[in-house]
Amino acid sequence: MDTSTLRWILIVIGILIVAAIFLFGNPEKKRKPKASRVEDGESRGGRRRRKGDIAERREPTLDAGDATGAAGTAGDFGAEGGQGELNIEASPPPPPPRPPRPSRPPRPRQPAGPPPEKIVSLFLLARDNHAITGAQLLQATVSTGMEFGDMDIFHRLPEGSDRPVFSLANAAKPGHFERDEWNTFETAGLALFMTLPGPVYALDAWDSMLATARRIGALLNAELLDDERNAFTRQREAQIREEMRDFDRRKSRQG
């Protein structure tokens, strides 16, 4: 017998106990004694009662059927009115709780390396106040050889290394992309950035990032901006190239 059926049986038994107590537990409240009266005719002893005599009070009694039923009820539930031995098949004990599933161990994080010495960035701003959609972005990144990966952004990975040459993120907060929301994604701008030192020479990384930014800008009809979000000029391009040469020379001297 399952636990639910046993619970309902106990509820019904409890209701019967309350009803038995109410009906048979206090007969004086159930049956009020009638007022004194003078019987008309002869009494059972053959003596006629006078009007001044008080009629003999008779306590209410239970007939044989009620007595049997009350006795049976008391026998079933005990003299204290509580539950006695019930003829109910014992329910099986509940199964032991299942041990918790072992959680997957967290993926070991790569040890934090030294902070980058230099960060170089470019921005792409959609022209004419139009939005860059998720489908357009995916097509542009595939065409330029970028891969979606760590931190939920795109990366250019060199062969044989998991350190990106440069990366592409959303210019709007929070900066990353939701991989399951490409159909509804829209943004007004993108950010390309690289950290130095990287897996390749700084000048090579810069040339690759600049070429990719210009290609994606052409595919998405977006304007190329410098790190301060100003129009990217030839003078600024030449300045950054010189900075990259200086960085490579300094690193080569350091060994």
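Calculation criteria
- Residues numbered from 1 in each chain as written.
- Predicted model: local features only at pLDDT ≥ 70, side-chain atom pairs only at ≥ 80, totals over all residues.
- Heavy atoms only, no water.
- Pairing = 2+ DSSP bridges.
- Helix = DSSP H or I, 4+ residues; strand = E, 2+ residues; numbered from the N terminus.
- Contact = heavy atoms within 4.5 Å.
- Axes fitted to C-alpha atoms, helices over the stretch in contact; angles between N-to-C directions.
- Buried < 20%, exposed > 50% of the residue type's maximum accessible area, 1.4 Å probe, protein only.
- Salt bridge = Lys/Arg side-chain N within 4 Å of Asp/Glu carboxyl O.
- Core = buried A, V, L, I, M, F, W, Y, C linked by side-chain atoms within 4.5 Å.
- Phe/Tyr/Trp six-rings, centres within 6.5 Å; stacked < 30°, edge-to-face > 60°.

Novice: Any chance you could explain the sheet that holds strand β4 (residues 154-156) here in plain terms?
Specialist: Remark on secondary structure: sheet strands pair via backbone hydrogen bonds, oriented parallel or antiparallel. Spatial strand order, β3-β4-β5-β7-β1-β8: six strands in an open sheet with antiparallel pairing. For this open sheet the edge positions go to β3 (147-148) and β8 (222-225), each flanked by a neighbour on one side alone. One ladder, built from eight bridges, connects strand β1 (residues 118-126) with strand β7 (residues 189-196); its direction is antiparallel. If you follow Leu124 over to β7, its bridge partner there is Leu190. The sheet strands contacting helix α6 (residues 234-254) are β1 and β7, and the helix crosses β1 at an angle near 155°.

Novice: Sorry, what's going on with the side chain of Ser121 here?
Specialist: Relative to the helices and strands, Ser121 is located in strand β1. On the accessibility criterion, Ser121 (18% relative accessible area) is buried. Filtering out sequence-adjacent residues up to four positions away, Ser121 remains in contact with Leu192, Phe193, Met209, Asp226 and Asp227.

Novice: I'm lost on unusual backbone geometry in this one. Help?
Specialist: Outside of glycine, negative phi angles account for most residues, and trans bonds account for most peptide bonds. Going from Lys173 to Pro174, the amide bond is cis rather than trans, its omega being 5°. The residue Pro174 is located in the loop between β5 (166-170) and β6 (186-187) in this model. For the peptide bond that leads from Leu196 to Pro197, omega is 0°, which places it in the cis range. For Pro197, the position within the fold is in the loop between β7 and α5 (202-220). We note that Asp128 has phi near 55°; this positive angle belongs to a residue other than glycine.

Novice: Would you mind showing me how to read the pattern of salt bridges here?
Specialist: In a structure, side chains of opposite charge can pair up when their charged atoms sit close to one another. Inspection of the entire model under this criterion finds ten salt bridges. Taking the shortest distance from any N to any O, the salt bridge between Lys251 and Glu117 comes out at 3.0 Å. Of this pair, Lys251 sits in helix α6 while Glu117 sits in the loop between α3 (64-77) and β1, and the two are 134 residues apart along the sequence. For Glu117, a relative accessible area of 43% corresponds to the partly exposed category. Residue Arg214 is joined to Glu237 by a salt bridge in which the shortest nitrogen-to-oxygen separation is 2.9 Å. In this pair, Arg214 sits in helix α5 while Glu237 sits in helix α6, placing the two residues 23 residues apart along the sequence. Residue Arg214 is classed as partly exposed on the basis of its relative accessible area of 42%. Its relative accessible area of 17% is what places Glu237 among the buried residues.

Novice: Hey, could you run me through the pairing of β7 in this one?
Specialist: Remember that side chains alternate between the two faces of the sheet whenever the strand is regular. With six of eight residues buried, β7 lies mostly within the body of the structure. Where β5 meets β7, four bridges bridge the pair, whose relative direction is antiparallel. Looking across to β7, one finds that Leu168 is bridged to Leu192.

Novice: Just to check I follow, could you spell out the environment of Leu168 for this structure?
Specialist: You can see Leu168 is positioned in strand β5. Look at Leu168 and you get buried, because its relative accessible area is 0%. It is 9.6 Å that separates the C-alpha atoms of Leu168 and Met209, two residues lying 41 residues apart in sequence. When near neighbours in sequence (up to four residues on either side) are disregarded, Leu168 contacts Leu137, Met146, Ile153, Phe154, Phe177, Leu190, Ala191, Leu192 and Ile216.

Novice: Can you help me understand the nonpolar core in this one?
Specialist: It is characteristic of soluble globular proteins that their nonpolar side chains tend to be buried jointly. Leu137, Leu168, Phe177, Leu190, Met194, Trp206 and Met244 are the most contacted members of the largest nonpolar core, which has 36 residues in total. When contributions to this core are tallied by element, the ones reaching two or more residues are β1, α4 (134-143), β5, β7, α5, β8 and α6. The greatest single-element share of this core, amounting to nine residues, is contributed by α5.

Novice: Quick question: what am I supposed to make of the packing of aromatic side chains here?
Specialist: Aromatic rings in a pair are described by how distant their centres are and how their planes are angled relative to each other. A full pass over the atoms with the stated rule returns eight aromatic pairs. Geometrically, the ring pair formed by Phe177 and Phe185 is edge-to-face, given 5.5 Å between the ring centres and 75° between the ring planes. Classification of Phe177 by relative accessible area gives buried; the value is 1%. On the basis of relative accessible area, Phe185 is assigned to the buried category, the value being 14%. Note on Trp206 and Phe232: the rings are 6.2 Å apart at their centroids and 50° apart in plane angle, and the pair reads as tilted. Of this pair, Trp206 sits in helix α5 while Phe232 sits in the loop between β8 and α6; the two residues are 26 residues apart in sequence, bridging distant segments of the chain. Residue Trp206 is classed as buried on the basis of its relative accessible area, which comes to 0%. The structure contains a cluster of three or more aromatic residues connected by ring pairs, namely Phe148, Phe154, Phe177, Trp182 and Phe185.

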